[in-house]
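# Residue-level structure breakdown
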Amino acid sequence: MSNQPRLWNVLFFLKRNRARKKRQLRKMAFQLMVDKTTGFYLLVLGGYLFASIFIFGDMINKYEGMFLTFEKAAMERVGFLITALPMAYVFQSIKNPGIIFTSSELKLSYLTFSIKRIWLYCVLEKWVKSFFFYLLSGLLVVLVTPLSFEFVITYTGTLWLIGLLMTLPQWKLFQSKWYIKVGCLLVVALLNIVNVMTSADYIGIIALVLLVFINMLLIPSIFQFIHWGRVAELNDFKIWTMPLIERASNTRLKRQKRYSIFQNTKKRKKPFRYTEKAIYHRLWQVYFSKNLDLVSQVVGTLLLMLIIFVFINSFFVFLGIAVAVHVITSLAASFFVNRFKTDIIEVLPWELYSYKRTLIKWLHMGLVPIVLPVIPYFILNYSLWLPIQLVFIYSAFLLTYHIKVNKSISILRKENKKFQIEEVIGFIGVVLIVISESIPTVSLTVLLIVFLIRKYQKDVTYVTDEQIR
Amino acid sequence: MMLKTLQVQNLSLKLNDKILLDDIQFELEQGTVTALVGHNGAGKSTLMKAILAVMEKTTGKIIINEQIDQDSEFLSFKQQISYLPEEPLLLTELTVMQHFQLYGKSYQIKEDVLNRKVDRLVKGFDLVDKLNEYPESLSKGMRQKVQTICAMLPDVPLMLIDEPFMGLDIYAIDYFEELLKEKLKDGTTLLLTTHQLDRVKDIAGFFILLQQGKLLSKGSIEEFDTIKRGTDNE
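Residues numbered from 1 in each chain as written. Chains lettered and ligands numbered in written order. Predicted model: local features only at pLDDT ≥ 70, side-chain atom pairs only at ≥ 80, totals over all residues.

An unreviewed UniProt entry annotates chain B as ABC-2 type transport system ATP-binding protein of Ornithinibacillus halophilus.

### A look at the overall build of chain B
In terms of helices and strands, chain B carries eight helices and 10 strands. Here the C-alpha atoms of chain B give a radius of gyration of 18 Å, agreeing with the 17 Å that 2.2 N^0.38 yields for 234 residues. If one aligns the C-alpha atoms of chain B with their principal axes, the spans along those axes are about 50 × 40 × 40 Å. Taking the intrachain contacts of chain B between residues at least 6 apart in sequence as the baseline, contacts between residues at least 24 apart amount to 69%. (Helix = DSSP H or I, 4+ residues; strand = E, 2+ residues; numbered from the N terminus. Rg over C-alpha atoms; globule rule 2.2 N^0.38 Å. Contact = placed C-beta atoms within 7 Å.)

### Some points on the interface of chain A and chain B
Facing the 25 residues of chain A at the interface are 27 residues of chain B. The element contributing the most residues to the side of chain A that touches chain B is helix α14 (residues 276–290) of chain A, with three residues. Looking at the side of chain A that touches chain B residue by residue, the classes come out as 13 nonpolar, two polar and 10 charged. (Nonpolar A, V, L, I, M, F, W, Y, C, P; charged D, E, K, R; others polar.)

### Focus: the packing of helix α15 (residues 292–310) of chain A against helix α16 (residues 314–339) of chain A
Residues and elements named next belong to chain A. Between α15 and α16, whose axes approach to 9 Å, the crossing angle comes to 170°. The orientation of α15 relative to α16 falls into the category roughly antiparallel. On the side of α15, the interface is formed by V298, L302, M305, L306, F309 and V310, while α16 contributes F316, V317, L319, G320, V323, A324, V327 and L331. (Axes fitted to C-alpha atoms, helices over the stretch in contact; angles between N-to-C directions. Parallel < 35°, antiparallel > 145°, perpendicular 65-115°, else oblique.)

### Some points on the environment of L211 of chain A
Residue and element names in this part refer to chain A. Note that L211 resides in helix α10 (residues 201–218). Residue classification places L211 among the buried positions, given that 20 C-beta atoms sit within 10 Å. Spatially, the C-alpha atom of L211 lies 43 Å from that of F336, the residues being 125 residues apart in sequence. (Buried ≥ 20, exposed ≤ 12 C-beta atoms within 10 Å, placed from the backbone.)

### Considerations on the packing of helix α17 (residues 352–371) of chain A against helix α19 (residues 386–412) of chain A
Residues and elements named next belong to chain A. Where α17 contacts α19, the two axes come as close as 11 Å, and the packing angle between them is 145°. α17 and α19 meet at a crossing whose hand is right-handed. Along the contact surface, α17 presents L352, K356, I360 and L363, while α19 presents Y401, V405, I409 and L412. For the contact of α17 with α19, the per-class residue count stands at seven nonpolar, no polar and one charged. (Left-handed = near helix turned anticlockwise from the far one by under 90°.)

### Details of the confidence of the model for chain A
Close reading of the predicted structure is inappropriate where its pLDDT is low. Residues and elements named next belong to chain A. With 93% of its residues at a pLDDT of at least 70, chain A reaches an overall mean of 85. By mean pLDDT, helix α22 (residues 465–468) is the weakest element of chain A at 44, and helix α8 (residues 167–175) is the strongest at 94. Segment residues 460–469 is flagged for pLDDT under 50; beyond a separation of four residues in sequence, or across chains, it makes 12 contacts in the model. (pLDDT = per-residue confidence, 0-100.)

### Some thoughts on the domain arrangement of chain B
Residues and elements named next belong to chain B. Its domain assignment divides chain B into domain 1 (1–80 + 156–234) and domain 2 (87–155). Computed over C-alpha atoms, the centres of domain 1 and domain 2 are 24 Å apart. Domain 1 puts 12 residues into the contact, and the matching count from domain 2 is 12 residues. When residues of the side of domain 1 that touches domain 2 are assigned to their parent elements, the largest contribution, four residues, is made by helix α6 (residues 170–185). Taken together, the residues that form the side of domain 1 that touches domain 2 break down as eight nonpolar, two polar and two charged. (Domains from an automatic or database assignment.)

Following this line, the structure appears as structure tokens:
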């Protein structure tokens, strides 16, 4: 008879010890950050918060009518939830396989345990955990709000079911190339647009059937073309990123990053064309892929802001554009400095102006999603001034970009050059974008701005890297 | 009079009120090899990082070739140094050849010169069939070889080498020593850190001994033996 332990016992042992270690770390951080007095006040605050749940329940019972109206409307739109939720999972698949499979699980597979069975247990764990999470959350909502049990169970049940049905698609998408992910995202977005436009119940049902069908199609290939190392590396990072510990120890956990989202294509393995453009362009790509979270947060926030502003009025649209110009150029300037303070680049000589020239292309790419909501607005509100206003806005953007990145270059060169005048000019350019909404003639300052851009570009081209050397 | 490739004057470095380097002062003459020795935490790597400006110095001056000051001509200053770190700093997203090209472009090496050098060095380090591989598909020793080639590509006045021979096999060590001797012949000055002075005794002419961020002594490598014996006897 074999003395080999059962896989379930080993996995349970692993997870119990992982939880224990995390608990110990949290305890240490807590002891470091909280003294007895603070602990006492926190305890009081905790008690108050617990009581407030019931106070809150009593209070919201007064608004029962409102809740019932909301419930009725929400019940009619369950179909939207079925088409909208997969979008979140497809989006997550860019960076997250959706299944907690760490290097510890991977190492178990080097022993006599089957990797397929380990994976299956991890999936079951995910489903069971999410089931209890939704069940308890649902019960709490039923307890403190006037929402009906039927409604809460429908919503939490749908959330759980979609989570379950999206497990495999997310897992497989995570392993796929980026353009497949983007393609899927577009298809799901299209399905949502059709759903919103037609408001047909059957779209939700079709989506559900489609999901079941996709799952059946994917089952035979669950373990084909899987990059286990990448899955484990990402999950290790996810599991051991503990904000409390980072705050207490004043350190930040860095991802191992042995695997990149862009690798594995033959084209990318070829040597570069030996030009600054080709090499630095790739380095920016590498840099942005490492900072994808921050970039997508900023671009997403600006996009949301502009979508909302488009529905308010014209002034807000121009204000939104000015804010976007300011935020994007500021972010570019801060990225520019940071690029040279990370990885191998830090120890190499810097062709700062070549890096600047290649950065602008990436900035234009970042602008695309922000410009999208504004285009329909300008088409619907076309005026004779509009083309000049658009050229003016773009010029103001370029001017601000040059000024801010030139300042970053100066910092990197360890110069003590002051940029107050240039920064005021850049700020005026951004303010003029807002003013140009009510006084379109302001856009004529574009001529002055183009002159200034040439001046700041000249700062760049006249002082070439070769001359610096 | 010999050209002073590196002048470090009154260099101090503080981090969160902790003094990591305290009033360090030394000069390296052209074409010499100096071993930076000391126990763990003595400040060897910190000193290298301060020279590279990866860590910001608090006070002092660092000058290359008696005229290029780290503070006033920073970009030119960086062009004069090649650095070989103890642990490879290779990017996951670039292949071996792409790393060489990045170094070539950064140090403004012409394409034909770069290709000639790469061709010779990859043969010497036995990496000919690894040029289009990503670092993670290489063994640790191979990654160290790649990083070593990167550092050997530019012709610069000063090379900083953190723990040479670390992770290299005996054939690679022999070849690397040969390359270092060539560099020396061409006038490059080498500053290298080491725990094991015996391994660099053949090439190093001078030493700088650091202890808790302070320069304890410096001189020719023969003098170091006397100091070491004296310390051992105490």
